[in-house]
Amino acid sequence: INAAGGVNGRPIELIYTDSKSDPKESAAVAQKYVSDKRIVATMGDFTSTACMAAQPIYDRAGLVQLSPTASHPKFAPGSIWSFGIIGTQAGEGPFMAHYAVKILGKKKIAVLYINNDWGIATKDYFVNAAKEMGAEILAIEAFFEADKDFTGVLTKLRGVKPEVIYIPSMYNEMALIAKQREKLGWLDVLIMGPGSLYSPKLLEIGGGSVDGLYTSAVFFPKDPRPEVQKFVKGFEEKYKSAPNMFAAIAFDGINLMAEVLRKAGTDRKAIRDELEKTKNFPGVTGKITFTERRDVLKDYRHLVIKNGEFVLYEEK
């Protein structure tokens with residue numbers, strides 16, 4: 001953007017702060033940002049929990065909070081200043097339930113979820129949809145972000161004999177869970193989880209233990225669309241690795257923000273009003289149109305890990 005002359009002749013300057021996905025830190029960052037008059041909009045936080053902790057501060061001050069990655073269904077509707085572009089678990093939960101029950105034909109399910117706002121919502125939308133589709137939920141267990149040893153909970157879940165475990169988590173936790181499941185010799189159960197798992201890091205950390213894992217994606221680097229291929233080529237040239245979904249959705253976020261700034265200028269309220277009008281913005285993760293809740297509806301893809309790489313799942 002800046003190489004092409006910036007926005008209306010002015011370069012975009014990014015100010016970064018690491019909230020560590022900690023709700024207290026994200027609230028402190030929000031206080032800092034709303035009082036800095038140079039900042040005309042924010043992009044973040046990464047997690048729904050951190051976003052929702054900072055939300056009241058952005059709301060009171062009137063500063064846009066555009067999260068590329070918060071998928072909790074209550075995030076965007078929580079403030080007129082909040083926007084989400086990843087889609088929500090209200091859409092992805094039923095999609096993954098359909099994948100498990102209708103496509104893979106698995107009716108006996110156990111759930112192991114991360115105990116935070118996002119994990120609870122992700123678990124609930126999946127479980128409710130799976131039940132409606134005729135599945136039996138045999139057990140539901142939670143873990144915390146700091147947990148590293150999953151042997152006990154996996155042994156407990158193994159005892160109920162599920163055909164599939166659905167695991168709403170981030171890729172680092174999933175890699176640990178998959179390795180420990182393999183160490184226990186529990187190989188006759190499918191593992192699956194939401195699009196938060198779609199990252200090269202899962203393959204790197206999990207190795208062979210994540211082979212056969214089922215997930216979803218709003219972005220897939222082998223998508224033939226020209227805008228996707230242009231992004232993938234540029235990303236690979238610069239970073240020497242393939243972009244994951246988080247890189248793609250952040251790319252869409254900054255391009256959308258630049259487009260809004262071109263039209264609205266730098267007034268905080270004008271930016272909010274222009275962002276809300278977004279219709280069919282062409283992103284690499286699909287077209288972006290905000291609903292009345294200021295979130296978006298996404299098209300998801302069925303993915304599976306085969307021989308150490310993510311591939312599109314093809315129904316037999």
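As a reminder, the structure under discussion sits directly above these lines.
Presented here is a report on the structure given in the accompanying data block.

Rules used in this analysis
Residues numbered from 1 in each chain as written. Predicted model: local features only at pLDDT ≥ 70, side-chain atom pairs only at ≥ 80, totals over all residues. Heavy atoms only, no water. 1 Å grid on protein atoms, 1.4 Å probe; cavity = no way out; pocket = protein on both sides within 12 Å on 5 of 7 lines; lining within 4 Å. Points joined across faces, edges and corners; volume = space filled by probe spheres on them. Helix = DSSP H or I, 4+ residues; strand = E, 2+ residues; numbered from the N terminus. Nonpolar A, V, L, I, M, F, W, Y, C, P; charged D, E, K, R; others polar. Pairing = 2+ DSSP bridges. Contact = heavy atoms within 4.5 Å. Axes fitted to C-alpha atoms, helices over the stretch in contact; angles between N-to-C directions. Buried < 20%, exposed > 50% of the residue type's maximum accessible area, 1.4 Å probe, protein only. Expected span 1.5 Å × (residues − 1). Salt bridge = Lys/Arg side-chain N within 4 Å of Asp/Glu carboxyl O. Core = buried A, V, L, I, M, F, W, Y, C linked by side-chain atoms within 4.5 Å. Parallel < 35°, antiparallel > 145°, perpendicular 65-115°, else oblique. Left-handed = near helix turned anticlockwise from the far one by under 90°.

## Topic: empty space enclosed by the protein
For the coordinates displayed, the defined rule picks out one cavity of 30 Å³ or more. Taken as a whole, the largest cavity holds about 240 Å³ of empty space. The wall of the largest cavity is formed by 23 residues, among which T69, S71, I86, W118 and S196 lie closest to the centre. Looking at the lining of the largest cavity, the elements with two or more residues in it are α2 (48-61), α3 (89-103), β8 (214-217) and α9 (245-264). When the residues that make up the lining of the largest cavity are grouped by side-chain class, the tally is ten nonpolar, twelve polar and one charged.

## Digging into the layout of surface pockets
Empty space within the second largest pocket amounts to approximately 360 Å³. In terms of lining, the second largest pocket is formed by 19 residues, of which the most central are S21, E145, M170, N172 and E173. Per-element accounting of the lining of the second largest pocket gives the leading share, four residues, to helix α6 (residues 171-183). Residues of the lining of the second largest pocket, tallied by class, amount to eight nonpolar, five polar and six charged.

## Observations concerning the sheet that holds strand β2 (residues 65-67)
By definition, the strands of a sheet pair up through backbone hydrogen bonds, in either a parallel or an antiparallel sense. Sheet architecture is open: three strands sit in the order β1-β2-β3, paired in parallel fashion. A strand with exactly one partner marks an edge of an open sheet, and here the two such strands are β1 (42-43) and β3 (82-84). In this structure, β1 lies alongside β2, joined through two bridges in parallel fashion. Along β2, the bridge assignment pairs M43 with L66. Across the face of the sheet, α2 comes into contact with β1, β2 and β3 while running at roughly 160° to β2.

## Topic: unusual backbone geometry
G44 connects to D45 through a cis peptide bond whose omega is 0°. For D45, the position within the fold is in the loop between β1 and α2. One non-glycine residue, K20, lies in positive phi territory at about 60°. Within the secondary structure, K20 is located in the segment before α1 (23-34). Assessed through its relative accessible area of 56%, K20 is described here as exposed.

## Some points on α6
With 13 residues, α6 ought to run about 18 Å at 1.5 Å a step, and its terminal C-alpha atoms sit 18 Å apart, in line with that. Listing the buried residues of α6 in full gives E173, M174, A175, I177, A178, Q180 and R181. Where α6 is buried, its residues contact β4 (108-114), β5 (136-143), α5 (151-158), β7 (190-192) and α7 (200-206). Immediately beyond the C-terminal end of α6, within one or two residues, lies G185, with a positive phi of roughly 80°.

## Things to note about the pattern of salt bridges
Oppositely charged side chains may form a pair once their charged atoms are brought near each other. In this structure the tally under the stated criterion is 17 salt bridges. Among the salt bridges present, the one from E309 reaches K222, with a minimum N-O distance of 3.7 Å. You can see E309 sitting in strand β12 (residues 309-312) and its partner K222 sitting in the loop between β8 and α8 (226-239), a full 87 residues away along the chain. We note a salt bridge from E259 to R262, for which the minimum N-O separation is 3.1 Å.

## Quick word on the nonpolar core
Formed by 84 residues in total, the largest nonpolar core has its most connected members in F126, I165 and F219. Counting residues per element, this core draws most heavily on α9, which supplies ten residues. With sequence-adjacent residues up to four places away left out, F126 is seen in contact with G93, M96, A97, A100, I109, V111 and Y166. Listed in part, the ten residues of the second largest apolar core include A27, A30, Y58 and L63.

## A word on the packing of α3 against helix α4 (residues 117-132)
Their axes nearest at 8 Å, the elements α3 and α4 cross at an angle of 45°. With respect to α4, the axis of α3 lies oblique. Of the two possible hands of crossing, α3 and α4 adopt the one that is right-handed. Facing α3, whose interface residues are Q89, A90, G93, P94, M96, A97, A100 and V101, α4 presents W118, A121, T122, Y125, F126, A129 and A130. Per-class residue counts for the contact of α3 with α4 are twelve nonpolar, three polar and no charged.

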